[in-house]
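# An overview of the molecular structure
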Amino acid sequence: MSITESARGRAAALSALITVVSVCAGDAIARSFPFGPRTRAVNDLGNQFVPYHAHLWDVLRGRADGGVLINWQSGYGTSFLPDIGTYVSSPFALLVALFPRDETDLAVYVITVLKMAAAAAAMTVLLLVLREGGSRWWAAGLLGSSYALCGWAVTEAVYNPMWMDGLVAFPLLCLVGEWARTGHHRVLGPVIVAVAWAANFYTAYMATLGAGLVLLLRLLTDGASTSVRERLGVLLRAACTTLLGIGLAAPVLAVVFLGSTHAYPGWRREFAPAGWADVFARALPATYGFFTPAVFLGTGTLVLAGTLLFNRTAPRRERRAWTLLVVAVAVSMQWGPTHLVWHVFATPNGSPYRQTFVLAGVLVIAAWISLSYGWPGPQALLGGTGVVALLALGAATSPRITAWTYPLAVAGVAATVGGVLLAMRADVAAPDNLSAPPAFEERGLGRSPSFGKGRVGESPAGSPTPRAGARRALVLSAALLLIGAQIAQATVTTAYADRQRLAKLDDYAPWGDRQQTQADAVADVDGWPAYRTEPGREQTTANDPLTVGGQGAAYYSSHTPDVLTRTLAALGAGWTSNGRAVQSLDNPVTDALFSVGARVHMPRDPHHSWSRPDGRKVRVTRAAVPQLVTVRPPGPEPRFGASPFRNQEKLLGARVYTLPRTAVRTELRTELQAELRAATLTAACPARSEVFLWAPGFSGTAKLGGSHGPGGTESELRGSMPARRAAMQPLGTVPADGRVSIALKGAGAGAAVGKLPRQSVGCLDRDRLATAVDRLRSTGATSVRVTDSGVRATLPPGASGTAVFAMPRIAGWSCRAAGAKARPAASHLGLVAVDLPGRDSRTTTVTCDFSPPGLRIGTLAGGLSLLVLVAAGILPRLLPRLPSRRRRSHTKTSPEDHRLVARTA
């Protein structure tokens, strides 16, 4: 191993160590999982990433209901490949299989920290490839760790682990750009691009834009030694490498892209740039803000980046170019048109500064460019300190500033200045023997002939110099100052962000007794595919079926199908996240429609701040339900209307509800120094029928019995359209006198009651429902076989009409009756359907197969890209032989030439 490779390895290991220590120390100080009782599973981390990693564990271990193509556990059957490409396609995600199933939270934490460590190591290697640092290799490790510990990583990406793949991708893609510039690694380059884009295309896109800007700057600062033609050639190689890598990732990318086009619309936001005071504040330690760019790197890195413009040992062109790039990237984050370019031309839901890691990377590279030419002198240090002082002054009016911010910033600047001055003294005592002096490199002269012979601290003969010990002490002191300042600031910022997230965002408990009890209850009654087992309406997360098992309606993804959300909403289901998180529906009619034969009923989750303990115990209800495939008689397809009660009946094919007229009385109450609006709904229904309330916009409690005193079970509804939609809620049994009285209470309940749907109360006749279910069971499939990619059902002889599959008609289903050609599946009120031949037909089987949209074209593009990559790897080995053959053929002498030579002689 060469000295340069050894230095890169040591620097990469150092940067990874600093990163891991800082993150773990910050989490430990905050007493956050796994170092304390506080959960770290906020927002999408608890709602999506942990459940999807748990399901990936099941798939890898062969224990999932479904496989790579279909997820039978969520949304009554959804496409899983788009979710793989969005949430768990990172190579790091495979590590989840090494952990116990009930330690998925820990697995996701370890994976997240490893990604940050990998990003630190990758950035460190990039810095040393851009410019060798000689004995300053440890400073490259320090800067690499500051990149991985940037505010964007420790405050935002830490609970969106898929974004961490972009943090790793940016330095790797910059390396690919360097290889295109030097003509190296023609095969490895596209492979890295492919892995980056497949791991998370969203942040890989941003990283690719940033790497492209870095490559352009490198070409512009190459000087007159590189011609325009050579620069265009580099850009062409880089473009081909990128396109080839994206082509290799096409099987995943095409599915993810088309999955998004079929998803429910979700949120739509307009970009509003943050105030510059907040932008400057987020560059300092111990700040937090959801809608502001977290540019924190550590004041040491900021000081070093600020020295570049004032560091005269660096070439003027590089100083100006890198400074201009930093400013340009920062400004582009604040301007609407460039904001859209960074975010694939759509303002995201949530943080609008998801490209911040690119700015962090460019700042780190600028700091290294300055440092690589030698430790900045006093004038450059003064300039860098002035830049940080201006940032601090500009942030003075920001509410993001905390009591820790300025003390940490001042201490960091002092430690940086002191560390750099100590390192300068060490360099003065012993010039760096591992790289050429700046004067040589700046003039393009390379290393001096006698430079670099011997190790640092030795005379040319190899014997230690008298002052070697003092120099080592100076270097060690400088390293401890700079590294200590970085660790301290990153640790405090991490701990502060941990606390702020819990205070400001929804959070979810890690795996514990509640989830284990729920999983055990599901496993005890699971009968898939004979019937579905619903894990319950009282959910712990929005993806409970992925976590605790079963085959439920709940599903939360960026790819939640539009048809799933609209179909379940028409039947009375609720949602959160503006329709992207569909909830379970506790209703015997929909249970029959979707073949839910067992349902787990859980008490409310006490971890949720909005949920009050209800004292209920875990119980399981069973019901006789039809098979997954039923047959409906011939006739025109019905259409959904406004009433979910009538919509359920249309899909069932029978009338089972009584929809009474309701009267409303409202009043204003004061309880616990808070004004609450109460309302009472009254109606008349058949005795002993079951009461259901449909109030999608209501937020509060509902109770059958006319008051909130003893006598009925209090149900909780959380509606706030369009963000949240309350599900149809069972309230109890109609008393013998047939009088129904429903008490509603909650903030704004009176106003909400005024907006209740006209038919908000439905009374279910269980006997009628049992008759309808018996009919569907007798005419439906006699057997059903479910695979990881489809369903095959055997029907009674002479079946006619429409075979309806109890799964949403998402894009990708193709079906056929026996002997017929497969065609795209038909739709029956949002469910997969197949038209059957007449009674004279001998058709007894119907088969539906699933292939997610984009898989075929993506596989074709990936295969062609692989062929091109193989050719690119083989041809360079063959081409060197061709010119020699051509030369031999062209140098053969003809008979006329021989005669001419003879005459001349």
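What counts as what
- Residues numbered from 1 in each chain as written.
- Predicted model: local features only at pLDDT ≥ 70, side-chain atom pairs only at ≥ 80, totals over all residues.
- Heavy atoms only, no water.
- Phe/Tyr/Trp six-rings, centres within 6.5 Å; stacked < 30°, edge-to-face > 60°.
- Helix = DSSP H or I, 4+ residues; strand = E, 2+ residues; numbered from the N terminus.
- Buried < 20%, exposed > 50% of the residue type's maximum accessible area, 1.4 Å probe, protein only.
- Lys NZ or Arg CZ within 6 Å of the ring centre and 35° of its normal.
- 1 Å grid on protein atoms, 1.4 Å probe; cavity = no way out; pocket = protein on both sides within 12 Å on 5 of 7 lines; lining within 4 Å.
- Points joined across faces, edges and corners; volume = space filled by probe spheres on them.
- Nonpolar A, V, L, I, M, F, W, Y, C, P; charged D, E, K, R; others polar.
- Pairing = 2+ DSSP bridges.
- Axes fitted to C-alpha atoms, helices over the stretch in contact; angles between N-to-C directions.
- Disulfide = S-S within 2.5 Å.
- Patch = residues over 30% accessible without salt bridge, like charges linked within 9 Å, V, L, I, M, F, W, Y side chains within 5 Å.
- Areas by Shrake-Rupley, 256 points an atom, 1.4 Å probe, with all protein chains shown as cover.
- Salt bridge = Lys/Arg side-chain N within 4 Å of Asp/Glu carboxyl O.

## Here's the deal with the packing of aromatic side chains
Applying the stated criterion across every chain yields a total of 18 aromatic pairs. Centroid distance tryptophan 276 to phenylalanine 280: 5.8 Å. Interplanar angle 35 degrees. Geometry classified as tilted. Here phenylalanine 280 and tryptophan 276 lie together in helix α12 (residues 276–281), a separation of 4 residues that amounts to about one turn. Owing to a relative accessible area of 40%, tryptophan 276 belongs among the partly exposed residues under this scheme. We classify phenylalanine 280 as partly exposed; its relative accessible area is 27%. Geometrically, the ring pair formed by tryptophan 813 and phenylalanine 850 is tilted, given 5.2 Å between the ring centres and 55 degrees between the ring planes. In this pair, tryptophan 813 sits in strand β22 (residues 813–817) while phenylalanine 850 sits in strand β26 (residues 845–850), placing the two residues 37 residues apart along the sequence. Accessibility expressed as a relative area gives 4% for tryptophan 813, which makes it buried. With a relative accessible area of 4%, phenylalanine 850 lands in the buried category. Taken together, the aromatic side chains of Trp72, Trp528, Trp813 and Phe850 make up a single cluster linked through ring pairs. Between arginine 10 and the ring centre of tryptophan 137, over which it is positioned, the NZ or CZ distance is 4.7 Å. A cation over a ring is seen here: arginine 725 above tryptophan 575, with NZ or CZ 5.4 Å from the ring centre.

## Some thoughts on the layout of surface pockets
Considering only enclosed or pocket space, the second largest pocket measures out at about 910 Å³ in volume. As for the second largest pocket, its lining consists of 42 residues, of which Asp586, His601, Arg619, Thr621 and Arg766 are closest to the centre. Of all the secondary-structure elements, those providing two or more residues to the lining of the second largest pocket are α24 (588–593), β7 (596–601), β8 (619–622), β13 (690–693), β15 (714–718), β16 (729–733) and α27 (766–779). A class-by-class count of the residues in the lining of the second largest pocket yields 17 nonpolar, 9 polar and 16 charged.

## Structural notes on empty space enclosed by the protein
By the definition in use, this model includes 9 cavities of 30 Å³ or more. Mapped onto the lining of the largest cavity, the elements with two or more residues apiece are α2 (43–61) and α4 (104–130). With 4 residues, the single largest contributor to the lining of the largest cavity is α2. Taken together, the residues that form the lining of the largest cavity break down as 8 nonpolar, 6 polar and 4 charged. Here the second largest cavity defines a volume of roughly 80 Å³.

## Here we look at the sheet that holds strand β9 (residues 629–632)
One open sheet holds the 4 strands; their spatial order is β9-β21-β25-β24, and the pairing between them is antiparallel. On the outer flanks of this sheet lie β9 and β24 (826–828), each paired with one strand and no other. Pairwise comparison of adjacent strand axes, ignoring direction, gives a mean angle of 40 degrees for this sheet. With 3 bridges joining them, β24 and strand β25 (residues 831–836) adopt antiparallel strand pairing. Looking across to β25, one finds that histidine 828 is bridged to leucine 831.

## Focus: unusual backbone geometry
Note: most peptide bonds trans; most residues except glycine with negative phi. The omega torsion of the bond from phenylalanine 33 to proline 34 falls at 5 degrees, within 30 degrees of zero and hence cis. That bond from methionine 721 to proline 722 is cis: its omega, 0 degrees, falls within 30 degrees of zero. Here proline 722 is to be found in the loop between β15 and β16. With a phi angle near 55 degrees, histidine 185 is a residue other than glycine that sits in the positive phi range. You can see histidine 185 is positioned in the loop between α7 (164–182) and α8 (188–199). Residue classification places histidine 185 among the partly exposed residues on the basis of a relative accessible area of 43%. Look at leucine 829: it is not a glycine, yet its phi comes out positive at around 50 degrees. Relative to the helices and strands, leucine 829 resides in the loop between β24 and β25.

## Considering the state of the cysteines
Taken as a whole, this structure holds 2 disulfides when the rule is applied. Paired by a disulfide, cysteine 685 and cysteine 763 hold their sulfur atoms 1.9 Å apart. Across the disulfide from cysteine 685 to cysteine 763, rotation about the S-S bond amounts to roughly 70 degrees, and the bridge is consequently right-handed. Here cysteine 685 is found in the loop between β12 (674–684) and β13, whereas its partner cysteine 763 is found in strand β18 (residues 761–764), with 78 residues between them in sequence. Take cysteine 685 and cysteine 763: they sit in the same class, and that class is buried. Between the sulfur atoms of cysteine 815 and its disulfide mate cysteine 848 the distance is 2.0 Å. Where cysteine 815 bonds to cysteine 848 through sulfur, the torsion about that S-S bond is close to 110 degrees, and the disulfide is right-handed.

## Points about a nonpolar patch on the surface
Judged by side-chain polarity, Leu213, Leu216, Val228, Leu232 and Leu235 come together as a nonpolar surface patch covering roughly 420 Å² of accessible area. Where the nonpolar patch is concerned, the elements lending two or more residues are α9 (201–220) and α10 (228–248). Of all the elements, α10 adds the most residues to the nonpolar patch, at 3 residues. Relative to the helices and strands, leucine 232 is located in helix α10.

## Re the pairing of strand β17 (residues 739–746)
Summarising burial for β17: 7 of the 8 residues are buried, a large majority. Pairing analysis gives 4 bridges linking strand β14 (residues 699–704) to β17, with the strands arranged antiparallel. Bridging across to β17, lysine 703 finds its partner in alanine 743.

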